[in-house]
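Each chain, letter by letter, is given below.
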Amino acid sequence: MGYTFGPLSQTDADIYYIEVEKGHDTFMISKKITRIYYILSGSGYFTIGDHRYDVVPGMLVEVPPKIEYCYSGKMKLIAFSKPRWFGGNDIFTKWNPDVVQGGSRCVADAESWLTRFVRFRIFGKSPAGRYLQLNQYLWNILPASFTALGPIRRYGSFLHALAQAQAGRAQAFSTYFLRNRAELELIGRLLDQKSKADTLRVAVLGCSTGAEAYSVAWRIRSARPDLKLILRAVDISRQAVEFAERGVYSLATPQLADTSVCSAMTAAEMEEMLERDGDVVTVKSWIREGIDWQVGDAGDPEIVDALGPQDMVVANNFLCHMHAPEAERCLCNIARLVCPHGYLFVSGVDLEVRTKVAIDLGWKPVQELLEEIHEGDRALGGPWPFHYGGIEPLNKARGDWRLRYAAAYQLVPPATAPPPTRLEKELADVIPE
């Protein structure tokens, strides 16, 4: 996990802060970028070519282009990249056994024909990258009425698959308050099922710098102040958790990310949720109180014992940064946190991954506000189809659209599930086993 400093006035360099828990998950080859790593703390080793180099604080490690490398250990690093990172620079060659266990195949062995096409080079150039660049230019100048046509949408799905195969996925801290208003509205409506003075257990996973966890707490406490809210906010980055727990944000300078956390708020909402002192805002105490901030990995099976069963689990906008097998395993693990008849909110994830897991585990999609939630996060819809994290526009021509585009699910145990409704029978007819 980490973040980029900047934006820098130097246009040919990037500087990153990186926290390493186990290591980079894959070996990789840089096409053009030279990377220099400075070890701040911890210990580990770099594998560059066929050689292993043990590292301790104070050391510099230079990795030139066109050489396979990886790193392992528990470390904090500063990385310097020259030139700046660009799509298509990194070729991922095989899994790092220090991170990915269980005999996982090398990336190259598991590649689809599309991935092999993305990796292909002619005189060092990527035809796939040029193809995407040209299509993105054309797509951006075409009217929305044209790109919404069925054949063009299907072509857009192909472009999105190509973008997913090409991209190097990495976690990010970017987030902001009230990111998906429709989802918060649904959370508020579901509270009607709770009796007065009930206890409500909520977990917000991938909480990043805290804006989403505070938004959820605000919505619940505004709608049902009588409930006893036990909210646990979890992120794999200790730095992000410590920052989030303070609840203090700058309006002038982005922190840990290049987004403004208040960009989606009205003046009235800022006044209700935040205390302002010049260009610094602090989340009000009635929202912050009682939130339990924890460092944890949503993919770790032990997280279930650490957090316990939850009435609601919010797991947004971090699964899309994982490759499909890892995201699927993580999502199945997250589902174990949800108590019987509880609710899982999961957006910012590859739709194929979410749909597959929902079918395999028998989740019941919540239909209320389905369309509004799917289209409610402006950061997800805009990049489609040219960014791996973009979410395709809702398409009611699909027979399975009510399942595919749902971002909220009720997890009903099979033994106590009610007889299928007419809608569920229709879904069963169009979704293959």
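Residues numbered from 1 in each chain as written. Predicted model: local features only at pLDDT ≥ 70, side-chain atom pairs only at ≥ 80, totals over all residues. Heavy atoms only, no water.

Description of the pattern of salt bridges
Side-chain pairs of opposite charge can arise where the charged atoms are in close proximity. Convention followed: For this document, the term salt bridge refers to a Lys or Arg side-chain nitrogen within 4 Å of an Asp or Glu carboxyl oxygen. Here a helix means four or more residues in a row that DSSP labels H or I, a strand means two or more in a row labelled E, and each is numbered from the N terminus. When a residue's accessible area, from a 1.4 Å probe over protein chains only, is under 20% of the maximum for its type it is buried; when over 50% it is exposed; and in between it is partly exposed.
Summed over all chains, the structure comprises 19 salt bridges. For E368, the salt bridge is made with R189, and the minimal N-O distance between the two is 2.8 Å. On the criterion of sequence distance, the pair formed by E368 in the loop between β17 (364-365) and α13 (370-374) and R189 in helix α5 (residues 181-190) is long-range, its members being 179 residues apart. Given the relative accessible area of 37%, E368 is considered partly exposed. Judged by its relative accessible area of 34%, R189 falls in the partly exposed class. Here K356 makes a salt bridge to D360, at a shortest N to O gap of 2.9 Å. Of this pair, K356 and D360 both sit in helix α12 (residues 351-361), four residues apart, which is roughly one turn of the helix. Judged by its relative accessible area of 38%, K356 is partly exposed. Where salt bridges share partners, they join E185, R189, R219 and E368 into one cluster.

A closer look at the packing of helix α11 (residues 324-335) against α12
Put simply, the test is: To get an axis, a line is fitted to the C-alpha atoms, and for a helix only the part in contact is used. The angle between two axes follows their N-to-C directions and goes from 0 to 180 degrees. Working rule for angles: under 35 degrees goes down as roughly parallel, over 145 as roughly antiparallel, 65 to 115 as roughly perpendicular, anything else as oblique. Each crossing gets its hand from how the near helix is turned against the far one by less than a right angle, where anticlockwise is left-handed and clockwise is right-handed. The criterion used for residue contact is that any of the two residues' heavy atoms lie within 4.5 Å. Throughout this entry, Asp, Glu, Lys and Arg are counted as charged residues, while Ala, Val, Leu, Ile, Met, Phe, Trp, Tyr, Cys and Pro are counted as nonpolar. The remaining residues, Gly among them, count as polar.
Running from N to C, α11 and α12 cross one another at 45 degrees; their axes reach a closest spacing of 10 Å. Judged on the interaxial angle alone, α12 and α11 are oblique. The crossing of α11 and α12 is right-handed. On the side of α11, the interface is formed by A324, A327, E328, L331, C332 and A335, while α12 contributes V353, R354, K356, V357 and L361. Each residue belonging to the contact of α11 with α12 can be placed in one class, and the counts come to eight nonpolar, no polar and three charged.

Things to note about the side chain of E19
Let me state the cut-off plainly: Contacts described as polar in this section are N or O atom pairs within 3.5 Å, which, within protein, must combine one atom able to donate a hydrogen with one able to accept it, while residues neighboring in sequence count only if both atoms come from side chains.
Here E19 is to be found in strand β2 (residues 14-20). Of the polar contacts made by the side chain of E19, one reaches the side chain of Y17; its length is 3.2 Å. Sequence-distant contacts of E19, that is, excluding residues within four places in its chain, are made with M1, M75, K76, S237, R238 and Q239.

Here we look at the nonpolar core
Just so we agree on the cut-off: What is meant by a nonpolar core is a set of buried Ala, Val, Leu, Ile, Met, Phe, Trp, Tyr and Cys residues, joined one to another through side-chain atoms within 4.5 Å.
F177, V202, L231, L274, W293 and F345 are the most contacted members of the largest nonpolar core, which has 47 residues in total. Counting residues per element, this core draws most heavily on helix α6 (residues 211-223), which supplies seven residues. Excluding its chain neighbours within four sequence positions, the residues that come into contact with W293 are C207, G210, A213, Y214, A233, V241, A244 and E245.

Side note on the sheet that holds strand β11 (residues 248-250)
Stated formally: When DSSP finds two or more bridges between two strands, those strands count as paired.
The three strands lie next to each other as β11-β13-β12, forming an open sheet whose pairing is antiparallel. Looking along the sheet, the strands with just one partner apiece sit at the ends: β11 and β12 (274-277). Neighbouring strand axes in the sheet, compared pairwise and without regard to direction, differ in orientation by 25 degrees on average.

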